[in-house]
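Spelled out, the chains give:
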Amino acid sequence: YTVILTTTGSAGSAADSEVTEHIQGWFLDAYLDYHASAPATTDVTIKQTGHADNILLVSDNATDGRYAPRQALVSRAAAAITNSHDLIPVNGTLTVSAAQSDALTAAVTVTIRVLTF
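Below or above, wherever it landed, is the structure these notes cover.

Rules used throughout
- Residues numbered from 1 in each chain as written.
- Predicted model: local features only at pLDDT ≥ 70, side-chain atom pairs only at ≥ 80, totals over all residues.
- Heavy atoms only, no water.
- Pairing = 2+ DSSP bridges.
- Helix = DSSP H or I, 4+ residues; strand = E, 2+ residues; numbered from the N terminus.
- Core = buried A, V, L, I, M, F, W, Y, C linked by side-chain atoms within 4.5 Å.
- Buried < 20%, exposed > 50% of the residue type's maximum accessible area, 1.4 Å probe, protein only.
- Contact = heavy atoms within 4.5 Å.

### Some words on the pairing of strand S7 (residues 71-74)
Judged from the three bridges that link them, S7 and strand S8 (residues 80-86) form a sheet pairing that is antiparallel. Residue pairing across strands places Val 74 opposite Ala 80, the latter belonging to S8. Linking two consecutive strands that pair antiparallel, namely S7 and S8, is a turn of five residues; a positive phi of about 70 degrees is found at Ala 78 within it.

Have a look at this one:
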């Protein structure tokens, strides 16, 4: 899934937010491809629409890169399992946002890979 964020607003505070189509599967990774003029203050957030927790938050960055967030595991008694992580399930749309950028066409292009079933 590719989401192109075209930010509008004042320099250093321009923003955009887009919603993907429905996704059912596991979040593998996201590649963030920043516009050559994007400022280093740019924040990118990916979250399931309607959920409070972020899947990914990359703050104050303008360097292209791939991010593979994972969720920490807990036992059935809700005790943390040390050094144990798993893929993040997705069932719905994702909201992809950029903030604190400059007004740019394609300020950030976000390519999201998911493992579907």
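Further notes follow.
### Describing the pairing of strand S3 (residues 23-34)
Bridge count between S3 and strand S9 (residues 88-92): five bridges; the pairing is antiparallel. Paired with Ile 23 across the strands is Gly 92, a residue of S9. Two strands pair when backbone bridges link them, and S3 and strand S11 (residues 104-116) are joined in this way by nine bridges, in the antiparallel orientation. By the bridge assignment, Trp 26 is partnered in S11 with Leu 115.

### Examining the nonpolar core
Formed by 24 residues in total, the largest nonpolar core has its most connected members in Phe 27, Ile 46, Leu 94, Val 108, Val 110 and Ile 112. Those elements that provide at least two residues to this core are strand S1 (2-7), S3, strand S4 (43-48), strand S5 (54-58), S9, strand S10 (94-101) and S11. In contact with Ile 46, not counting residues within four places along its chain, are Phe 27, Ala 30, Asn 54, Ile 55, Leu 56, Leu 94, Thr 95, Val 96, Val 110 and Ile 112.

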